[in-house]
Amino acid sequence: LRLARNVRRNLRAFNNNKMFFSKKIVSKKSNLCDGIGIFAKERIYKGEKLLEFIGEIKIGSGNDYTLQIDTNKHLGRSGYLDDFVNHSCLPNCYIRFRDISLVSLTNISVGEELSFHYCTTEYDLGKFSFQCICGSQNCLGQVGGYKYLSESNRQQMSKFLFPHLKMLANIA
C-alpha cells in the first residue's frame, strides 16, 4: 500500500510539473553501457536526493527497461532522466524506497556517472541478465539479479534492498 502511494505521489508531482530532478545532473553518453547515462554537472554530496522515479506500474514480469518495486510489480519507463540511471557493481547511489528516489551514497565529482546496483531492486533479471562492464574491482561480470548473488554480496547490499528482497532474504 505504501509503495502504491509513493508511486502515485511521484506521478501526481510529474503531472503537475513538480517532478523532482536535481539541477546538478545531466544526461549524456554512458561509460557503463552503450546508451545514455546520468552525470554530475556539479559536485554532489553524500546523501543528496537527485531524482525521483516515475512511470506506470506494471503487474507481472518486467523487462530491461523497468524497475522492480515489489514481488510482482515493476515501474515502467517515464521518458525522463530516471530512465537512464545505469548499473555499477560499485555504485555511487542507491534507490531510497520511501519515496522511490535516487540518493547519493558518496560525494560525486563533476563528470562522474551516477549509478546504482540493479540487484538491490531486481530479484531475477532472467532473459534480461547482462554482462557488466563497470570495471570495478568487485565486478560481478554477469548481472542476473539478487537471486544469483553470493552470500557475501547479499550482505554487503542488505542495507539498500527494496522490501520485497528483504522479505525474500528474511532481513528485518
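Residues numbered from 1 in each chain as written. Predicted model: local features only at pLDDT ≥ 70, side-chain atom pairs only at ≥ 80, totals over all residues. Heavy atoms only, no water.

Colleague: Any chance you could explain the overall build of the protein chain here in plain terms?
Modeller: Along the backbone of the protein chain there are three helices and twelve strands. Counting every position in the protein chain, which comprises 172 residues, the buried fraction comes to 45%. (Helix = DSSP H or I, 4+ residues; strand = E, 2+ residues; numbered from the N terminus. Buried < 20%, exposed > 50% of the residue type's maximum accessible area, 1.4 Å probe, protein only.)

Colleague: What is the right way to read the layout of surface pockets from this model?
Modeller: If you roll a probe as big as a water molecule over the atoms, it shows you where there is empty space left. The space that makes up the largest pocket amounts to roughly 790 Å³. Forming the boundary of the largest pocket are 31 residues, of which Asp64, Tyr65, Val85, Asn86 and Tyr118 lie nearest the centre. Of all the secondary structure elements, the ones that give two or more residues to the lining of the largest pocket are strand S7 (86-87) and strand S11 (130-131). Tallied by class, residues from the lining of the largest pocket come to 17 nonpolar, eight polar and six charged. Empty space within the second largest pocket amounts to approximately 270 Å³. (1 Å grid on protein atoms, 1.4 Å probe; cavity = no way out; pocket = protein on both sides within 12 Å on 5 of 7 lines; lining within 4 Å. Points joined across faces, edges and corners; volume = space filled by probe spheres on them. Nonpolar A, V, L, I, M, F, W, Y, C, P; charged D, E, K, R; others polar.)

Colleague: Can you walk me through the pairing of strand S1 (residues 25-29) in this structure?
Modeller: Every other side chain in a regular strand lies on the same face of the sheet, so the side chains alternate between the two faces. Pairing of S1 with strand S2 (residues 36-40) involves five bridges; the strand directions are antiparallel. What sits directly across from Lys29, in S2, is Ile36. Hairpin connection from S1 to S2: six residues lie between these consecutive antiparallel strands. (Pairing = 2+ DSSP bridges.)

Colleague: Hey, could you run me through the pattern of salt bridges in this one?
Modeller: Two side chains carrying opposite charge are able to pair once their charged atoms lie near each other. Using the criterion set out here, one finds six salt bridges in the structure. With a shortest N-O distance of 3.0 Å, Arg96 and Asp99 are connected by a salt bridge. On the basis of relative accessible area, Asp99 is assigned to the buried category, the value being 8%. Taken together, the shared-partner salt bridges in this structure form one network comprising Lys49, Glu52, Arg96 and Asp99. (Salt bridge = Lys/Arg side-chain N within 4 Å of Asp/Glu carboxyl O.)

Colleague: Looking at this model, I keep getting lost on the environment of Lys28. Mind explaining?
Modeller: Tracing the sequence through the fold places Lys28 in strand S1. Owing to a relative accessible area of 43%, Lys28 belongs among the partly exposed residues under this scheme. Residues Lys28 and Phe84, spaced 56 residues apart in sequence, show a C-alpha to C-alpha distance of 9.2 Å. Beyond its immediate chain neighbours, meaning those up to four positions away, Lys28 contacts Gly35, Ile36, Gly37 and Phe39. (Contact = heavy atoms within 4.5 Å.)

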